[in-house]
Amino acid sequence: MGATGAGKSTFIKTVTSNEAVVVGDGLRSVTQEVRSFKCQHDGKQFSVVDTPGFNDTNRSDREILQELADWLLESYRDGLKVSGIIYLHRISAPRMEGSSMRNLRMFRRLCGEEFMQNVILGTTFWDAVGEEAGAAREKELLETEGFFKEMKDRNCDIVRISNDRGECLKLLSRFAAKQPSLMCIQHELFEGKLLEETGAASAISQELAELQRQNNEKFADARNQLQRNLTRSELEKAYSLQLERRAHEVQMDEVASQREALSSEIKQQEVKAEEKLATISRAISRQNHGYQVGLNQLNDQLRALKASASS
Ligand SMILES: Nc1nc2c(ncn2[C@@H]2O[C@H](COP(=O)(O)OP(=O)(O)OP(=O)(O)O)[C@@H](O)[C@H]2O)c(=O)[nH]1
Ligand SMILES: [Mg+2]
């Protein structure tokens, strides 16, 4: 067992020399179903079981667990017990990522503490790291709680796995020396628990709930941040609108008082113009009156002249 790409099928192909074992050649997960391969070693018959890796690119951990659980329950009903499990981990992985931690927690719940003595913790990809860097990582993995420390404390064997067939076969011999045992999930399923009620499944749901909680927290943070930003920008907008309105009102007041001043000035000028007009028309009428008087006098003189001329 182990995460996808850890080298499970490679190990099985090495020990069984069976060409039917499909090893991945890309980034995508390869093994999709639990499949058993037979091999002989040291006078003993082994069934080596390949499993799909957790953290599959195509399927959820829940589906993978279902696949494993079905196989384990069926084999238990058939009277088969598991002699051991090799849990593979890529030593070349630069850090223990969240998905690797999840897989490990689920694996531990799947086995139960008692079964740990039937587990071999195998590290692969040693050729992809320097001996020194690999050894430092191995030490950290074995000494850190939540990584492999608890498994080591439970007497789980720790081995470095190479592609040497002889070395790999020796691991099968180690299992042959162990008492086959029942895994926790086999007990649980055989007792009639639903998969959802098993420890391994609840580990997934706990992880999912934790992921959900973390996502919700991130979402709430982002929403609060957005709200704060919005509120701030809205306040700034409202404030600048208010300033604009105040400036506009001041302008309007100025225009109104200018208009008032202008209209009273116009009125004064109108009064003055009317007064001027009245003065002018009075002068004209005086002048007209003078002309009329002169004209009358001239007419009188003309009439008098005409009368004296005819007599
Ligand atoms: N360098 C190096 N490559 C390895 C080692 N073990 C496996 N590989 C390569 O890693 C890739 C994945 O190996 P698989 O054996 O298919 O991995 P798996 O664990 O069965 O993966 P899934 O079936 O997807 O769960 C293949 O290309 C292997 O050749 C190793 O120890 N060193
Ligand atoms: Mg595989």
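Residues numbered from 1 in each chain as written. Chains lettered and ligands numbered in written order. Predicted model: local features only at pLDDT ≥ 70, side-chain atom pairs only at ≥ 80, totals over all residues. Heavy atoms only, no water.

Caption draft 1: Inspection of the environment of Val30 at higher detail. Along the chain, the position of Val30 falls in the loop between helix 1 (8–16) and strand 1 (35–41). On the basis of relative accessible area, Val30 is assigned to the partly exposed category, the value being 32%. Sequence separation between Val30 and Thr57 is 27 residues, and the spatial gap between their C-alpha atoms is 9.0 Å. Once residues lying within four places of it in the same chain are set aside, the contact partners of Val30 are Val22, Val23 and Gly24. (Helix = DSSP H or I, 4+ residues; strand = E, 2+ residues; numbered from the N terminus. Buried < 20%, exposed > 50% of the residue type's maximum accessible area, 1.4 Å probe, protein only. Contact = heavy atoms within 4.5 Å.)

Caption draft 2: Expanded view of the site of ligand 1. Residues in contact with ligand 1 amount to 16 residues; listed here are only the nearest, Thr4, Lys8, Thr10, Gly24 and Thr31. Within the backbone of Gly7, an N or O atom sits 3.0 Å from an oxygen atom of ligand 1. A distance of 2.9 Å is found between an oxygen atom of ligand 1 and a side-chain nitrogen or oxygen belonging to Ser9. For ligand 1, the accessible surface in isolation is 660 Å², of which the surrounding protein chains cover 77%. (Near = heavy atom within 4 Å. Polar contact = N/O pair within 3.5 Å; in protein donor to acceptor, adjacent residues only side chain to side chain. Areas by Shrake-Rupley, 256 points an atom, 1.4 Å probe, with all protein chains shown as cover.)

Caption draft 3: Inspection of the coordination of the magnesium ion (ligand 2) at higher detail. Around the magnesium ion (ligand 2), the protein contributes the donor atoms Ser9 (OG) and Thr31 (OG1), at 2.0 to 2.1 Å from the metal centre. Linking Ser9 in helix 1 with Thr31 in the loop between helix 1 and strand 1, this pair joins segments that are 22 residues apart in sequence. When its relative accessible area of 9% is taken as the criterion, Ser9 is described as buried. Judged by its relative accessible area of 17%, Thr31 falls in the buried class. (Donors = N, O, S within 2.8 Å, 3.2 Å for Na, K, Ca; no water.)

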